Amino acid sequence: MQNLIVVKPYEFVAPNQRVWLQSLVLKFLPSYLRRNYGLASHEIRHLDRLRDSLDAKHGIMITANHARPCDPMACGWIRIALGSPMYCMASWHLFHESRFQHWLIRACGGYSVHREGTDAASVNFTVKALNNAVRPVVIFAEGAITRSNDVVFPVPEGPALIARLAARRRAKQSPPGKVVIHPVAFKYFFVGDLEKTVAPVFDRIERRLSWQTWPNLPLLERLGKLANALLCLRELEYFGAPQAAGDGLPRIQDRIESLIEQIIRPVEEEWAAGEPPLEGVYARVQRLRGRIVSDMVADGVTEDGRVTKDGRWRQLADLYVAGQLGCYPRDYLAGDPSPERILETVEKIDEDLTDDPAVHRPLHLVIQIGEAIEVSPSRDRGSKQDPLTELYRSRIAEMLDDINTHPPAGVHSQ
C-alpha cells in the first residue's frame, strides 16, 4: 500500500519562484521521462489556444485528466513550448516522500494541497496566481492517478470553485480581467510489442500465486484468469469467501462494484451517516479519509503510533483498497480493446500488488489543448452538478475521443 496519508498538522508548501531554476530542471526533462516512465516522444496539439489566452493576460487554469504518474512532469513540455513558467497543484503527501522530491516539485513550480482537509492557504495561493495572470495554474481534475486513459472519472468541484472565486476578484479590477479554464487531454500510446512487454509481468504474478506460468494462453484470457484470481483473494478477505464467478470480464466488474460497497458502506455508516451520497468512488473515499485523518491529527496519532481502538488505521487501509478497485472502469476490456487499455489494466494489477509497477516502453504522448472556457463569477444554481465542472470534464472526454479518432502517424486507431 502506497503511503498517501500524512498524519500530522498540515503546513502549506509554496513553490520555488525562481524561473531560471524551473528552466534548468526542464533541460533534463526528456531523459528523465524516457528513463523513468518510458516516454520516448510527444506532440502538442492546439498550443495556440493557450498562447492566445496568455497574450490576452487572462488568468489561466489548466484542468487535465490524470492517467499516469508522469503527467505533472509531462506538463513541462507545455511550459517549454509556451515559453512561460507554470504552477502545478500537488498532493501534500508527495512532498514527504523524499527530500529530493520535495525540492524537485517546488523547483518545477509545484505547491501543495491538503486533500484530506480544508486548505485555505492553497486556495488563496491559486486565486492570487490567477489574479496576477502571470503563470498558468495546472490542476489534475480527477484528483488521483487513474491509469484509465480513455475514461474521465467524476471530478471534484474544487477547481471550479477556485476559478469562480478568482473570476469574481478579477472582475473588480480596473480594468476588469478574465479567468479562463483550458481543458487539456493527456493521451498515451504504446508503440512497442505488447505481448513481449507484459509477458514478464504475467509470469511474475503467476509465480507469486504459486501457479505454473501460462505463456501459451491468449493475452486477454490470461489477463482475465489473473484478474479473477486476485479478485477472489480480495473477496475472501472482505466477504469470507469468493463470490459466484461468471464468464467474462463484465461479470468481474459486477463483483468489483459489490466489493467496493462492502468495503465503503461500514465506514460511511460511522463517518458520514445520514449525509447525501457522493458520485464516484474517489469522492466517497476522500470525504471519509479527510474525516478520519482530521480525527487522528486531533488525537495526536502519528504514522508510527499505536493502532487505535476504533481501527482508524484499518479503515484508511480499507479505503485505499476501495480506491484501487474504483479505477477499473466497467467494460474497459470489452469487445476488441486497444493495446493501451490492456496495458493499463496490467499496470493497475501490477501496481495494486507491488506498489512499483514495471515500466513499459516506448510511449508516445499526445497533449491536446482545449478551447478557453470563460469563467463566470457566479454559478447557475438550477443544476445539481456544477455546470462548469461538467463542462470541462466533458471537453476532456471529447478530446480523448478525438485523439483516438485521429491518432499520431504510425500509431493504430481505435
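This section reports on the structure supplied with the text. (Residues numbered from 1 in each chain as written. Predicted model: local features only at pLDDT ≥ 70, side-chain atom pairs only at ≥ 80, totals over all residues. Heavy atoms only, no water.)

## Focus: the layout of surface pockets
Here's step 1: When its volume is computed, the second largest pocket comes out at roughly 1,200 Å³.
Here's step 2: Lining the second largest pocket are 40 residues, and of these Pro-156, Glu-157, Gly-158, Leu-161 and Ala-283 sit closest to its centre.
Here's step 3: The set of elements that each furnish at least two residues to the lining of the second largest pocket consists of helix 6 (120-132), strand 5 (137-140), helix 7 (158-171), helix 11 (281-298) and helix 14 (387-405).
Here's step 4: Looking at the lining of the second largest pocket residue by residue, the class counts come to 18 nonpolar, 12 polar and 10 charged. (1 Å grid on protein atoms, 1.4 Å probe; cavity = no way out; pocket = protein on both sides within 12 Å on 5 of 7 lines; lining within 4 Å. Points joined across faces, edges and corners; volume = space filled by probe spheres on them. Helix = DSSP H or I, 4+ residues; strand = E, 2+ residues; numbered from the N terminus. Nonpolar A, V, L, I, M, F, W, Y, C, P; charged D, E, K, R; others polar.)

## As for the nonpolar core
Here's step 1: The biggest cluster of nonpolar side chains holds 68 residues, and the ones touching the most others in it are Ile-78, Phe-186, Tyr-188 and Ile-367.
Here's step 2: By residue number, the principal contributor to this core is helix 10 (residues 249-271), which donates eight residues.
Here's step 3: Setting aside chain neighbours within four positions, we find Phe-186 in contact with Ala-64, Asn-65, Asp-71, Ala-74, Cys-75, Ile-78, Phe-140, Asn-149, Leu-365, Val-366, Ile-367 and Leu-400.
Here's step 4: One finds Met-61, Ala-129, Ile-181 and Leu-388 within the second-largest nonpolar core, a separate group that totals 24 residues. (Core = buried A, V, L, I, M, F, W, Y, C linked by side-chain atoms within 4.5 Å. Buried < 20%, exposed > 50% of the residue type's maximum accessible area, 1.4 Å probe, protein only. Contact = heavy atoms within 4.5 Å.)

## Quick look at helix 4 (residues 71-82)
Here's step 1: Its 12 residues give helix 4 an end-to-end C-alpha distance of 17 Å, which sits within 8% of 16 Å, the value for a rise of 1.5 Å per residue.
Here's step 2: Every buried residue belonging to helix 4 is among Asp-71, Ala-74, Cys-75, Gly-76, Trp-77, Ile-78, Arg-79 and Leu-82, and all of these are buried.
Here's step 3: Trailing helix 4 by a residue or two, Gly-83 shows a phi angle of about 75 degrees, which is positive. (Expected span 1.5 Å × (residues − 1).)

## Here we look at the environment of Cys-70
Here's step 1: Positionally, Cys-70 belongs in the loop between strand 2 (59-64) and helix 4.
Here's step 2: Its relative accessible area of 2% is what places Cys-70 among the buried residues.
Here's step 3: Counting along the chain gives 202 residues from Cys-70 to Ala-272, while the straight-line C-alpha distance between them is 34 Å.

## Things to note about the pattern of salt bridges
For side chains of opposite charge, pairing can occur when their charged atoms come near one another.
Here's step 1: Tallying each qualifying case throughout the model produces 26 salt bridges.
Here's step 2: With a closest N to O distance of 3.4 Å, Glu-347 and Arg-147 form a salt bridge. Taken together, the residues span a long stretch of sequence, with Glu-347 in helix 13 (residues 339-354) and Arg-147 in the loop between strand 5 and helix 7 at a distance of 200 residues.
Here's step 3: With a closest N to O distance of 3.7 Å, Glu-237 and Arg-314 form a salt bridge. Pair noted here: Glu-237 is in helix 9 (residues 219-238) and Arg-314 is in helix 12 (residues 312-325), with a separation of 77 residues, a long-range link.
Here's step 4: Overall, Glu-237 belongs to the partly exposed group, its relative accessible area being 41%.
Here's step 5: A single salt-bridge network, built from bridges that share partners, covers Arg-68, Arg-147, Glu-347 and Glu-351. (Salt bridge = Lys/Arg side-chain N within 4 Å of Asp/Glu carboxyl O.)

## Section: the side chain of His-93
Here's step 1: With respect to the element layout, His-93 can be found in the loop between strand 3 (87-91) and helix 5 (99-107).
Here's step 2: When its relative accessible area of 13% is taken as the criterion, His-93 is described as buried.
Here's step 3: In this structure the side chain of His-93 is engaged in a polar contact, spanning 2.8 Å, whose partner is the side chain of Ser-91. (Polar contact = N/O pair within 3.5 Å; in protein donor to acceptor, adjacent residues only side chain to side chain.)

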